Amino acid sequence: MAATLSAEAGGRGVTAIDSPPVGHRGAQAELALAVTGMHCASCVRSIERALEGVEGVSAASASLVEEVVRVRFDPSGLAPGALIGAVEAAGYGAEALAGTDAAAKAEIRREERRETEERALGRRLWIGLGLGVPIVLIGHWGMIPGLPAMGEGLRTGLEWTSGVLALPILLYSGWGFLHGAWLAARRGAADMNTLVALGTGAAWLYSTVALAAPTLFPEGSARPFYETVAVVITLVLLGQGIEARARRRTAEALRALFDLAPETAERLDGGKVETVPVATISPGELVLVRPGARVPLDGRVTSGESDLNESMLTGESAPALRVPGDEVVGGTINGTGALTVEVTRVGADTLLARIGAMVRRAQATKPPIQRTVDEVARFFVPSVVFVAIATFGVWMAVGPEPQLSYAMTTAVAVLVIACPCALGLATPISVMIAIGNAARRGVLVRDGQALQRARKVDTVVLDKTGTLTVGRPEVVFAEIVGDAREADYLAAAASVEARAEHAAARAIVAYAEERGFEWPEVEHFAAHPGKGASGFVEGRRVLVGSPSFAAEAGVDTVPLSAQLAAVAAQGATPVVVVVDGRAGGLLGLADTLRPGARDAVARLRGSGVDVVMLTGDAPAPARRVAEQAGIQSVSSQVSPAVKARAIERLQGEGRMVAMVGDGINDAPALAMADVGVAMGSGTEVALQTGDVALLGDSLHGIETLIGVSRAAGRNIAQNLVGAFAYNVLGIPIAAGVFYPSLGVLLSPMIAGAAMAFSSVTVVANANRLRARGPDRGT
């Protein structure tokens, strides 16, 4: 179900997908290409179709927001160069983003190219503004109060001046539209550039012919409108500039999220500390992390102890204690203690780099609704051209005098008002921002489909161990019987268990430490696998283990009968403490509920989501955890296969099910669920299992997922409704459908302004997701 994140397929850095090794027949690889020249939904579909037409390519997904296309292909018979060639043949530029160094260099080049393009866009915009203002004044001379009337000779001269001024606007400021339209025509397609180039080119040509040979036109129709050329091109450029800035901000926000690791590190070499670039450090080397500094790379603590701020990874503000033997993640912030860390992963293999790559891939994927939009966009521009031609014909046939002037004006207005940009941006920019928001809260959404499905989730199925609970035993019951002293028995138990290595022993030692007990060293320690441990503490023989272990040693456990029953009722594991043959203490160990789990369950239920627990544990501990969490529906002693069948049964009832598990024994259920959510605190398993990974320990991540998904779903719907409504209403108005009844006729200049700002409106609406947290309700 999950894609391998970091497998390399040769020097080009092509990422292998799923299980077959790269190079074998049938294996799949993935390559990301940075694309230049994408402007609208039609461009996106053209690029995808060009790549899908290459033999060996199984899928291609282009992102207008990210300006990247990701291609899945069979690398055994297809070189990446052929993919780049297919994109270039379609009229666009392409560059491979592959390999750690190559990707970094390509990203730098892409940023430089974007900056160059934005500066060029700014120059074209200022030329359009500077030359366009006098053109508009000349075109509307008679409408401006206080200006003297013009004679025929002056009018003609000024109109020719407008034509000359409009030419550099058309050929320089509008060159991108003309060139893009030509490339689209060469491949037998049409896009936004086609509409702008046809509209403004026709307007300039009509105006020039009308001035040069007015007798060719019916009386009253030989009126130039060069202002249409100037205003439409300038306003569309303005809209593109605003849109480009918004897309750059979105991309920068994502980079800021993951570019947290420092550029240098303090390497320890023979007792000496030297500051070196992070890129020069290899696995196995030691680095010093000073108080307040960021951990440079993933590694393991070898000495020192400190609290680390891992909120950038998990979304949880509480610092995490790290001691020798613990794993640390590059980019996290050290607290007040110094740490020596042995580096285990570098470069693209670090957790932060792989999370960033996964989020970028997720943002480039398309939810099902976007694929429908892409198909609509495929026919959108040709349909608009047809409507413009039909509009021209109808006005010429039945329109009022001067018919040619009306026909030309309305046809141009139809061409320039239609906006495939808004359709192309409506879904991907919302998906990109929503997935970035979720990632900042420690929720990694693998693709746009999972994001879309999550908004419809009405049932959440939770595993118990490691999901609802912390996944390790803790002392939940402790009682001393008779005249035994608590300090004697607990200290004796801790003394013996301090030498043991299992989880129950660590829980007993931690419990004794919390209560402030101290204990001497144990002598003649012995472990009894599956039973307990024994030893001598200050000359007294101590046994710590199960009731059966005590009974085998001849210890009478009858005095503990009531306490054993109480422990069993809680679903806890009993541990008897025996000192010199007397059973004087009983401990109960159980896996405890995660902090905040009950509140998370309550909030889910309050938002209309049913919560179910499925566990392979025994009935007693399952009931105990379910009661503590506030879950009413619980099934125990359920095997992984039965869990999957239970998910299928819920789906058969018409429910949309999210399964939350630890990513190991819950794999069948995660695969069966509509949305598989892997818990794991940023572990390898969490990244490679399920549709969503919760990097933190909090179940509030499920609420975050559903809330972000619902907010994104509404935002996408608003964008699409707005984009479709704009085109459905705008095109008929531009065509003059309402002129006979209402006298409403749209100027091409107003049409151009509407086109420019329709996509800006979509971007602004999507950015509302950035400014708000996830929804808490439905």
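Residues numbered from 1 in each chain as written. Predicted model: local features only at pLDDT ≥ 70, side-chain atom pairs only at ≥ 80, totals over all residues. Heavy atoms only, no water.

1. Points about the confidence of the model for the protein chain
Caution applies to low-pLDDT parts of the model: their predicted coordinates are not meant to be read in detail.
Part 1 of the argument: The pLDDT averaged across the protein chain works out to 79; a share of 83% of its residues lies at or above 70.
Part 2 of the argument: Within the protein chain, the element-level pLDDT minimum falls on strand 1 (residues 8-9), averaging 31, and the maximum on strand 17 (residues 459-462), averaging 93. (pLDDT = per-residue confidence, 0-100. Helix = DSSP H or I, 4+ residues; strand = E, 2+ residues; numbered from the N terminus.)

2. With respect to helix 16 (residues 486-497)
Part 1 of the argument: A rise of 1.5 Å per residue sets the reference length of helix 16, with its 12 residues, at 16 Å; its end C-alpha atoms lie 16 Å apart and thus fit the reference within 8%.
Part 2 of the argument: Those residues of helix 16 lying buried are Tyr 489, Leu 490, Ala 491, Ala 492, Ala 493, Ala 494, Ser 495, Val 496 and Glu 497. (Expected span 1.5 Å × (residues − 1). Buried < 20%, exposed > 50% of the residue type's maximum accessible area, 1.4 Å probe, protein only.)

3. Considering the pattern of salt bridges
Part 1 of the argument: Evaluated as defined, the whole model comprises 11 salt bridges.
Part 2 of the argument: The partner of Asp 298 in a salt bridge is Arg 345, with the nearest N and O atoms 3.2 Å apart. Of this pair, Asp 298 sits in strand 10 (residues 298-304) while Arg 345 is found in strand 15 (residues 339-345), placing the two residues 47 residues apart along the sequence.
Part 3 of the argument: The network of salt bridges with common partners includes Arg 267, Glu 274 and Glu 285. (Salt bridge = Lys/Arg side-chain N within 4 Å of Asp/Glu carboxyl O.)

4. Notes on helix 5 (residues 175-186)
Residues that lie three or four places apart on an α-helix share one face, since the helix turns once every 3.6 residues.
Part 1 of the argument: Across its 12 residues, helix 5 extends 16 Å between first and last C-alpha, which sits within 8% of the 16 Å expected from 1.5 Å per residue.
Part 2 of the argument: Residues of helix 5 that are buried include every one of Phe 177, Gly 180, Ala 181, Leu 183 and Ala 184, and no others. For helix 5, the arc enclosing every buried residue in end-on projection is 165 degrees, short of the 170-degree limit, so these residues lie on one face. In this structure, helix 5 carries Trp 182 and Arg 186 as exposed residues pointing more than 90 degrees from its buried face.
Part 3 of the argument: Positive phi shows up at Gly 188, right after helix 5, with a value of about 70 degrees. (Arc of directions from axis to C-beta.)

5. Overview of a nonpolar patch on the surface
Part 1 of the argument: A contiguous nonpolar surface patch, about 340 Å² in accessible area, is contributed by Val 376, Phe 724, Val 728 and Leu 729.
Part 2 of the argument: With three residues, helix 25 (residues 700-735) is the largest single contributor of residues to the nonpolar patch.
Part 3 of the argument: Note on placement: Val 728 falls in helix 25.
Part 4 of the argument: According to the relative accessible area criterion, Val 728 is exposed, its value standing at 55%. (Patch = residues over 30% accessible without salt bridge, like charges linked within 9 Å, V, L, I, M, F, W, Y side chains within 5 Å. Areas by Shrake-Rupley, 256 points an atom, 1.4 Å probe, with all protein chains shown as cover.)

6. Structural notes on the pairing of strand 17
Part 1 of the argument: The two faces of strand 17 match: Thr 459 and Val 461 on one face and Val 460 and Leu 462 on the other face are all buried.
Part 2 of the argument: As paired elements, strand 17 and strand 24 (residues 610-614) share four bridges and run parallel to each other. Following the sheet pairing, Thr 459 is matched in strand 24 by Asp 610. (Pairing = 2+ DSSP bridges.)

7. Quick notes on the packing of helix 20 (residues 597-606) against helix 25
Part 1 of the argument: Where helix 20 contacts helix 25, the two axes come as close as 8 Å, and the packing angle between them is 30 degrees. Classified by the interaxial angle, the pair formed by helix 20 and helix 25 is roughly parallel. Of the residues in helix 25, those touching helix 20 at Asp 599, Ala 600, Arg 603 and Leu 604 are His 700, Ile 702, Glu 703 and Ile 706.
Part 2 of the argument: Looking at the contact of helix 20 with helix 25 residue by residue, the class counts come to four nonpolar, one polar and three charged. (Axes fitted to C-alpha atoms, helices over the stretch in contact; angles between N-to-C directions. Parallel < 35°, antiparallel > 145°, perpendicular 65-115°, else oblique. Contact = heavy atoms within 4.5 Å. Nonpolar A, V, L, I, M, F, W, Y, C, P; charged D, E, K, R; others polar.)

8. Considerations on the nonpolar core
Part 1 of the argument: Core analysis: the biggest nonpolar cluster contains 124 residues, and Leu 462 and Leu 468 have the highest contact counts within it.
Part 2 of the argument: Ignoring anything within four residues of it in the chain, the contact list for Leu 462 reads Thr 467, Leu 468, Val 601, Val 611, Val 612, Met 613, Leu 614, Ile 631, Val 660, Leu 699 and Ile 702.
Part 3 of the argument: In terms of nonpolar packing, the next biggest core, distinct from the first, is built from 22 residues, Leu 490, Ala 493, Val 544 and Val 577 among them. (Core = buried A, V, L, I, M, F, W, Y, C linked by side-chain atoms within 4.5 Å.)

9. Points about the side chain of Ser 546
Part 1 of the argument: Structurally, Ser 546 is set in the loop between strand 21 (540-545) and helix 18 (547-552).
Part 2 of the argument: One polar contact links Ser 546 to Ser 548, side chain to side chain, over a distance of 3.0 Å.
Part 3 of the argument: For Ser 546, the contacting residues outside a window of four places in its chain are Lys 531, Pro 574 and Val 576. (Polar contact = N/O pair within 3.5 Å; in protein donor to acceptor, adjacent residues only side chain to side chain.)

10. Looking at the sheet that holds strand 13 (residues 327-328)
Part 1 of the argument: The six strands lie next to each other as 8-7-9-15-10-13, forming an open sheet whose pairing is antiparallel. Looking at the sheet topology across the chains shown, the edges are occupied by strand 8 (272-277) and strand 13.
Part 2 of the argument: In this sheet, strand 9 (residues 286-289) lies alongside strand 7 (residues 264-269) in antiparallel orientation, the contact comprising three bridges. Its bridge partner lying in strand 9, Glu 266 is registered against Leu 288.

11. What about the pairing of strand 5 (residues 68-73)?
Part 1 of the argument: Across the six residues of strand 5, five count as buried, placing the element largely inside the fold.
Part 2 of the argument: Examined bridge by bridge, strand 4 (residues 57-63) and strand 5 share six bridges and lie antiparallel to one another. Across the sheet, the residue bridging to Ala 62 is Val 69, located in strand 5.

12. Side note on unusual backbone geometry
Part 1 of the argument: Phi is positive for His 524, close to 55 degrees, though the residue is something other than glycine.
Part 2 of the argument: Position of His 524 relative to the elements: it lies in strand 19 (residues 523-528).

13. What about the environment of Gly 535?
Part 1 of the argument: Looking at where Gly 535 falls in the secondary structure, it is placed in strand 20 (residues 532-537).
Part 2 of the argument: Gly 535 gets classed as buried once you look at its relative accessible area, which sits at 1%.
Part 3 of the argument: Sequence separation between Gly 535 and Val 522 is 13 residues, and the spatial gap between their C-alpha atoms is 6.1 Å.
Part 4 of the argument: Beyond its immediate stretch of four places on either side in the chain, Gly 535 contacts Val 496, Val 522, Glu 523, His 524, Phe 525, Arg 540, Arg 541 and Val 542.

14. Here's the deal with the sheet that holds strand 22 (residues 573-579)
Part 1 of the argument: Spatial ordering of the open sheet is given by 18-23-22-21-20-19, a layout of six strands whose pairing is antiparallel. Each edge of the open sheet is held by one strand with a lone partner, namely strand 18 (469-480) and strand 19. Taken over all neighbouring pairs, the strand axes of this sheet differ in orientation by 20 degrees on average, direction set aside.
Part 2 of the argument: Note: strand 21 against strand 22, four bridges, orientation antiparallel. Among the inter-strand pairings, Gly 545 is bridged to a residue of strand 22, identified as Val 576.
Part 3 of the argument: The sheet strands contacting helix 21 (residues 619-629) are strand 18 and strand 23 (582-593), and the helix crosses strand 23 at an angle near 55 degrees.

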